[in-house]
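Chain residues, written in single-letter form:
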Amino acid sequence: MVEFNFLTLVLLLLVMTTDNLEGLTTTKSLSREIDNAKHVDAVLGDKAELPCNVQTIKNSTESPILIIWYRGQDYPIYSVDQRDHTASKHWSAHSMEDRIYYTENKGFAVLIIEDIRTTDGGQYRCREDFKYAPTRNNFILLDIIIPPSRLEILDDQNNVVQNSTLPPVMENGALEITCKAYDGNPLPRLMWNIRGENIDSSYEMKIDDNTVANVLRIDHVHRENLGRELICEASNMPNTIQVSTSVTMNVYLKPLSVAITGAEHPFLSGEPSNLDCISYGSRPAANITWYHNGQIIEYETKRIKVVGNNNMTWSTLRLVPTDDDNQSVITCVASNIYFPADKKEQQIILNVHYPPRLQICLGRNLNVSNIKEGSDVYFECTINASPTITRLDWDHNGSNVGQHESRKTIVSNQTLVLQSITRKGSGSYRCIASNARGKSISDAYHLDVKYEPSCKTDQQRVYGAHKGETAWVKCDVNSNPTPTSFRWAFNNSVSGLMNVANSDKSMAVIKFKVSDFGTLLCWATNSLATQSQPCVYHIVPAGKPDPPRNCLPVNVTSTRFTIRCEPGYGGGLPQHFACTVATIDRPDVAEASYVGQTGHVTVKITGLRPSTRYMTTVYASNAKGSSNGYIQVYVETAPNPKDPRVAGDSTSTATRFSEAAHIGILFLGCCFVGVCAMAVVYAKRLAANVRGRSVFRERQTVRIQNGEEIRFTGSKGVEERPVVTNDERGMQTGSKVKIKIHENLKNGQYKEINSESSYSVLTIQNINTSRASQLEGRLNDKNNVRLFTPTPRTQNSNQQKICESFVHYPNRKSIPMQDMVYTSTAKPYAEVESIV
């Protein structure tokens, strides 16, 4: 029994020793496996993959039938039971069943834990049991990585950068910023990145604050750094960026350039124009300042535009240049307040075009108050023009002054020289210049040329008076300056030359008492000299004036006309014209009388009736009475302009046709009256030939008492009457009269004399000559067509003169004008017969 017990005890000891040896061997094996445990990193909140080696053991085809994952040593969290070959059985711990699962990846059994927490870190063991092979354990150490809680970027003043934009940095200045990471397990690594390239990976750890900082320093910030993004990246896992933040570089830049545009073409004076000043490169926008000749221009418009990184600023200057702005300097300055020493500017010179500005002045060495005849005078024209002038002219009293040897006028550059000037050189002088912008005329310079007194030609030379009467004689002279005194002398055939006393020698009029007839002489004296040739006035016995000559009607209208005459000898006294007006039908009854002004050559007749033939008797009068002879002028007034036959009938066509019957009856009545009138006129003509008095004829052929005939061919209608107007001299212009005279000679041939007059009035004048004179016809006088016929009968009583008159209208055919003829018997005075 004792032996049994001893043997039993030995066996138990051996078993225990064996178990202890096996346990010791197993413990040593586990320690080696723990030391060789695989490390797995997992980011907090992410998932962790815990691999287990389930690959087939070498030289073994056996697969594990049971896989168990333990947390720590004894706490199972997941198992896969494959002992039942029909299906695998999965089990998970209740505390982790919603975030843990199993999968296989490339021969490894992988346990995945989602939503990793800090408590999930530590040691894990994967146990693999085989049916025949020994159990195998795989140890896994799970490390939980905690990213940084935040990143901050601080400027050089340790202020946190807001809105992801750095404070402005000056171009070519230094930049220093700091990136700081807070928290993290393990502490993160910081890097600076620009455009995907690491530019600074050095950093310092501040364990006390549980922070990591990296300072970036750039010594020279260039223009291309504007707008670039600086990225700070933090990571506590290899090849992984966990947290990043960025800021944008804000760089202030200098102006690069400035340019003025809009001055490529000349400016026009007085017209608005624009100039643009454009600046590139400045940030912030450049300040544009305009200067005109160094003075600031305050009014302009500004616009800013950014093109890429080249900030563009431009300003528009609106200006209205004047003549004085030509060649002035416009300056544009672009500046940045952060770079006061780096201004950019450009200047242009304004080219303003304007018409010439002229100023005329007398030569510098000339005394304007002492210019007299025979002096040399020159003018200078000061010209300010842009562009330069192309022509320069000189003007004297509205007439062009050109270079002329006979006038001793010299034009040189901008100078006008007048050599040996005469009194005609007095007046206004102007210089006239032209350029591409226009033509300009200077102000007038009035030149007063002094000269000695001389007699005026258009003054009264003959004074009529009776002995014992007083004559007021005026010595009218041309003088500059005005005469200061006058000397008078009287010369006759008996006493010779005698001085005449004058109560006031400064007066040009003398009160001369006529004691004898002769010549009165006058000498005027001014500040220059006494006239060398005296003015001569004839004192003659006074008498009645001679009748006027060449009286013509002008300005004929429907109610008025004017008679213009040439004055005859005035009888030594001032004369005037007067006239009486009567109709042709009643020539002996004067309807009105008109008196012209003394010294004038016209008489105006008004208050007449339209389309009426008048006879006007014109004579001259002075203080001694009227002239012995007179002139008779025959005029027919124009039709009434309001007469439908002249102005045009506005009656409708229907009305005119409705009145056709009345017109026909009226026409027949007029024809009957016309026949009767012709008979009466013919009877009067026969009676006139018997009695020898004046008769108005309306036939084409009229025979005068002396046996001659004046025959007028053709007639004119109302609308073809001559148009008479006056030119600037008061002479008649307009249509012309052409007269042809056919003289039947003894051999049967005809002589034709052609003449054209500038007037529309044909005058036939009979002159009382000796009865022994033979027949003579002639045409003369450029302004009047006059036919002179003697009164005695010629040897050949059948000889005729045919007078054809035609009205010549401008650009029209010749129209016969004669429809009225007046003949008369010989009278002791000249008689003018006018036919209108």
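The text that follows walks through the structure, step by step, so that each part is easy to find. (Residues numbered from 1 in each chain as written. Predicted model: local features only at pLDDT ≥ 70, side-chain atom pairs only at ≥ 80, totals over all residues. Heavy atoms only, no water.)

1. What to know about the overall build of the protein
Link 1 in the chain: Within the protein, the secondary structure is distributed over four helices and 67 strands.
Link 2 in the chain: Pairs at least 24 residues apart make up 63% of the contacts formed inside the protein by residues separated by at least 6 positions. (Helix = DSSP H or I, 4+ residues; strand = E, 2+ residues; numbered from the N terminus. Contact = heavy atoms within 4.5 Å.)

2. Describing the state of the cysteines
Link 1 in the chain: In this structure the tally under the stated criterion is seven disulfides.
Link 2 in the chain: Here Cys-277 connects covalently by a disulfide to Cys-332, the sulfurs 1.6 Å from one another. As the torsion about the S-S bond is roughly -80 degrees, the Cys-277-Cys-332 disulfide counts as left-handed. Here Cys-277 is found in strand S22 (residues 273–280), whereas its partner Cys-332 is found in strand S27 (residues 329–336), with 55 residues between them in sequence.
Link 3 in the chain: Judged by relative accessible area, Cys-277 falls into the buried class, the value being 0%.
Link 4 in the chain: Among the cysteines around Cys-671, which has no disulfide bond, Cys-670 carries the closest sulfur, lying 7.0 Å off.
Link 5 in the chain: What makes Cys-671 partly exposed here is its relative accessible area of 34%. (Disulfide = S-S within 2.5 Å. Buried < 20%, exposed > 50% of the residue type's maximum accessible area, 1.4 Å probe, protein only.)

3. Focus: the pairing of strand S34 (residues 415–418)
Working note: regular strand, side chains alternate between the two faces of the sheet.
Link 1 in the chain: Because side chains alternate across S34, one face comprises the buried residues Leu-416 and Leu-418, and the other comprises Thr-415 and Val-417, none of which is buried.
Link 2 in the chain: By the bridge criterion, four bridges tie strand S30 (residues 377–386) to S34 in an arrangement that is antiparallel. Paired with Phe-379 across the strands is Leu-416, a residue of S34.
Link 3 in the chain: Bridge count between strand S33 (residues 409–412) and S34: four bridges; the pairing is antiparallel. (Pairing = 2+ DSSP bridges.)

4. Points about unusual backbone geometry
Link 1 in the chain: For the bond from Arg-283 to Pro-284, the omega torsion is 0 degrees, close enough to zero to count as cis.
Link 2 in the chain: Cis geometry is adopted by the peptide bond preceding Pro-481, which originates at Asn-480 and carries an omega value of 10 degrees.
Link 3 in the chain: In this structure, Pro-481 sits in the loop between strand S41 (477–480) and strand S42 (485–492).
Link 4 in the chain: The phi torsion at Gln-327 lies on the positive side, around 65 degrees, for a residue other than glycine.

5. Observations concerning the environment of Asp-585
Link 1 in the chain: With respect to the secondary-structure elements, Asp-585 resides in the loop between strand S49 (576–583) and strand S50 (592–595).
Link 2 in the chain: Judged by its relative accessible area of 73%, Asp-585 falls in the exposed class.
Link 3 in the chain: Separated by 28 residues in the primary sequence, Asp-585 and Arg-613 have C-alpha atoms spaced 8.2 Å apart.

6. Some remarks on the sheet that holds strand S5 (residues 89–92)
Link 1 in the chain: Pairing within the open sheet is mixed, and its six strands lie in the order S1-S9-S8-S3-S4-S5. On the outer flanks of this sheet lie strand S1 (38–43) and S5, each paired with one strand and no other. The sheet shows a mean angle of 20 degrees between the axes of neighbouring strands, taken without regard to direction.
Link 2 in the chain: Bridging between strand S3 (residues 66–71) and strand S4 (residues 75–81) involves six bridges; their strand directions are antiparallel. Across the sheet, residue Tyr-70 finds its bridge partner in S4, namely Pro-76. (Axes fitted to C-alpha atoms, helices over the stretch in contact; angles between N-to-C directions.)

7. A word on the pattern of salt bridges
Link 1 in the chain: Across all of its chains, the model carries 17 salt bridges by this definition.
Link 2 in the chain: Between Asp-120 and Arg-99 there is a salt bridge; the shortest N-O distance is 2.7 Å. With Asp-120 in the loop between strand S7 (108–113) and strand S8 (122–129) and Arg-99 in the loop between S5 and strand S6 (100–105), this pair connects stretches of sequence that are 21 residues apart.
Link 3 in the chain: With a relative accessible area of 1%, Asp-120 lands in the buried category.
Link 4 in the chain: Overall, Arg-99 belongs to the buried group, its relative accessible area being 7%.
Link 5 in the chain: Three or more residues are tied together by salt bridges with common partners; here these are Asp-323, Asp-324 and Arg-357. (Salt bridge = Lys/Arg side-chain N within 4 Å of Asp/Glu carboxyl O.)

8. Quick notes on the side chain of Glu-233
Link 1 in the chain: Relative to the assigned elements, Glu-233 resides in strand S17 (residues 229–235).
Link 2 in the chain: One buried charged residue, Glu-233, forms no salt bridge at all, with the nearest opposite charge on Arg-189 at 7.5 Å. (Lys, Arg positive; Asp, Glu negative; His and termini not counted.)

9. Topic: the packing of aromatic side chains
To describe a pair of aromatic rings, one takes the distance between the centres and the angle between the planes.
Link 1 in the chain: Counting across every chain of the model gives eight aromatic pairs.
Link 2 in the chain: Above the plane of the ring of Tyr-182 lies Arg-150, whose end atom (NZ or CZ) is 3.7 Å from the centre.
Link 3 in the chain: Cation over ring: Arg-461 sits above Tyr-537, and NZ or CZ is 6.0 Å from the ring centre. (Phe/Tyr/Trp six-rings, centres within 6.5 Å; stacked < 30°, edge-to-face > 60°. Lys NZ or Arg CZ within 6 Å of the ring centre and 35° of its normal.)

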